[in-house]
Protein chains: 2
Amino acid sequence: MNILIVYAHHEPSSFTSAMKNLAIQVLSSQGHTVVMSDLYGQGFSAVAQKWDFVTTRAEHFNYMLEQKHAANLDLAFSPDILGEIEKVRAAEVIIIVTPIWWFSVPAILKGWFDRVLAMGVTWDSGKIYENGLLRGKQAMLVATAGGPSRYYHEKGRHLASPQQILHPINHGTLAFCGLNVHEPFVALGVLGLDQAGREQILKELQFRLEHLMDSPQWLNYYN
Amino acid sequence: MNILIVYAHHEPSSFTSAMKNLAIQVLSSQGHTVVMSDLYGQGFSAVAQKWDFVTTRAEHFNYMLEQKHAANLDLAFSPDILGEIEKVRAAEVIIIVTPIWWFSVPAILKGWFDRVLAMGVTWDSGKIYENGLLRGKQAMLVATAGGPSRYYHEKGRHLASPQQILHPINHGTLAFCGLNVHEPFVALGVLGLDQAGREQILKELQFRLEHLMDSPQWLNYYN
């Protein structure tokens, strides 16, 4: 299968990078074609701006409606966005490898959502969730977080499980576009981990990636 | 009081901009000192990078630990971050005026969280939530969202209320730093609004801002 890995960490010696490298290795060795979007490596621009479009439609600049306009003009987006859109379209599976910062993704990855998952390309009026334009493709989040795992419960310090914290991404972003979302792989407490702890997590991730096609569906934990 | 408005929209004729202008007007007319962080206007850089620090502490670049290091070196941050930190420190109330994109804030504002709310400045080891370094200050989110309000329920299309969707910001970011968080003002369905609908929302916002000091505390809707 064609697999796109979107990766959002700046440090090659980070644990997030180790997870990304493992994903490339496991998926390639299984015969998949792996394509990378290394957002820091590419110097990806995070901020939605007017010059994201070859031409703009109106004086009142509504980013979403400009996306729809550009999509209608045979994808009249700036080259960096167009390149990412082409990767998304070619992908059958999108794997996002990221640290969790402030209960969300780093700004560089949020900017990828804002700019690349454009109206008219990944969703449209009446074409969201089960009718999203990326339906038929799959997605999975592979994430690291620093805080201790006992914080990540409804009764813990964070007052929410990892699944609840990730609802804006898994449901509000990936499922919104029609992607078939897998249960995320979230490594908590990575700051305090020793070598054995890291190896154990990488082993678990390897298992999940080796069985990606039977990987469990993400459940909405609000219901 | 000293009030900092952090504003994250690119379009002066947008409804989000109208809400920001109203906030400036109402709060100033009540005798508050209003300071702005107009992120698009300032060309704020969203992406956490090595050059956010005057000097770096280690070859393995851990952004959070570099923040702590810079905080210890009498705030050895890049000038743009330092300027924002000084505004945050001087503020008694922080009001964030933003659209909701992908169940979260635009990347430019996420980058403000990532870069400005630094370890050692707004929180620290053992100094989170009720012990956060911004305790004693207040915060309130003023947000707009395009989708219809019926989607924003646990049983609606988005499978979550606005409060649940905003948990990563209200709890995981603002309350995490010790800020006393007010109930957010969220205007849903703004894309389909006519002039009367907009005026009604602005009237409600004006009431909330005029009574900011008695404004209700944010409740954690998970509990």
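Note that this is a predicted model, so its numbers are computed, not measured. (Residues numbered from 1 in each chain as written. Chains lettered and ligands numbered in written order. Predicted model: local features only at pLDDT ≥ 70, side-chain atom pairs only at ≥ 80, totals over all residues. Heavy atoms only, no water.)

## Some details on the pairing of strand β1 (residues 2-7) of chain A
Residue and element names in this part refer to chain A.
Reasoning step 1: Among the six residues of β1, five are classified as buried, and the element is accordingly described as predominantly covered.
Reasoning step 2: As judged from the six bridges shared by β1 and strand β2 (residues 33-38), these two strands associate in the parallel manner. Note on β2: the bridge partner recorded for Asn2 is Thr33.
Reasoning step 3: In this view, the connection linking β1 to its parallel neighbour β2 by way of helix α1 (residues 15-29) has right-handed handedness.
Reasoning step 4: Here five bridges tie β1 to strand β3 (residues 93-99), and the two strands are oriented parallel to one another. Bridged to Val6 within β3 is Ile96. (Buried < 20%, exposed > 50% of the residue type's maximum accessible area, 1.4 Å probe, protein only. Helix = DSSP H or I, 4+ residues; strand = E, 2+ residues; numbered from the N terminus. Pairing = 2+ DSSP bridges. Right-handed = clockwise from strand over helix to strand, strands pointing away.)

## Thoughts on the packing of helix α5 (residues 107-116) of chain A against helix α5 (residues 107-116) of chain B
Reasoning step 1: Where α5 of chain A contacts α5 of chain B, the two axes come as close as 8 Å, and the packing angle between them is 170°. Relative to α5 of chain B, the element α5 of chain A lies roughly antiparallel. Contact residues: α5 of chain A offers Ala107, Lys110, Gly111 and Asp114 of chain A, while α5 of chain B offers Ala107, Lys110, Gly111 and Asp114 of chain B.
Reasoning step 2: Across the contact of α5 of chain A with α5 of chain B, the residue classes tally to two nonpolar, two polar and four charged. (Axes fitted to C-alpha atoms, helices over the stretch in contact; angles between N-to-C directions. Parallel < 35°, antiparallel > 145°, perpendicular 65-115°, else oblique. Contact = heavy atoms within 4.5 Å. Nonpolar A, V, L, I, M, F, W, Y, C, P; charged D, E, K, R; others polar.)

## Here's the deal with the interface of chain B and chain A
Reasoning step 1: In this complex, chain B contributes 53 residues to the contact, which on the side of chain A involves 53 residues.
Reasoning step 2: In total, chain B and chain A occlude about 4,300 Å² of area from one another, counting both sides; carbon and sulfur atoms represent 62% of this.
Reasoning step 3: Our count for the chain B to chain A interface comes out at two salt bridges.
Reasoning step 4: Note that Arg157 of chain A and Glu130 of chain B form a salt bridge whose closest N and O atoms lie 3.2 Å from each other.
Reasoning step 5: Across the chain B-chain A interface, the total number found is 24 residue pairs in polar contact (both at pLDDT 80 or more).
Reasoning step 6: Residue assignment for the side of chain B that touches chain A shows that the elements contributing at least two residues are α3 (63-72), α5, α6 (162-165) and α7 (167-174) of chain B.
Reasoning step 7: Looking at the side of chain B that touches chain A, its residues break down into 29 nonpolar, 16 polar and eight charged. (Buried area = accessible area lost by both parts, 1.4 Å probe. Salt bridge = Lys/Arg side-chain N within 4 Å of Asp/Glu carboxyl O. Polar contact = N/O pair within 3.5 Å; in protein donor to acceptor, adjacent residues only side chain to side chain.)

These figures come from the coordinates and say nothing about function on their own.
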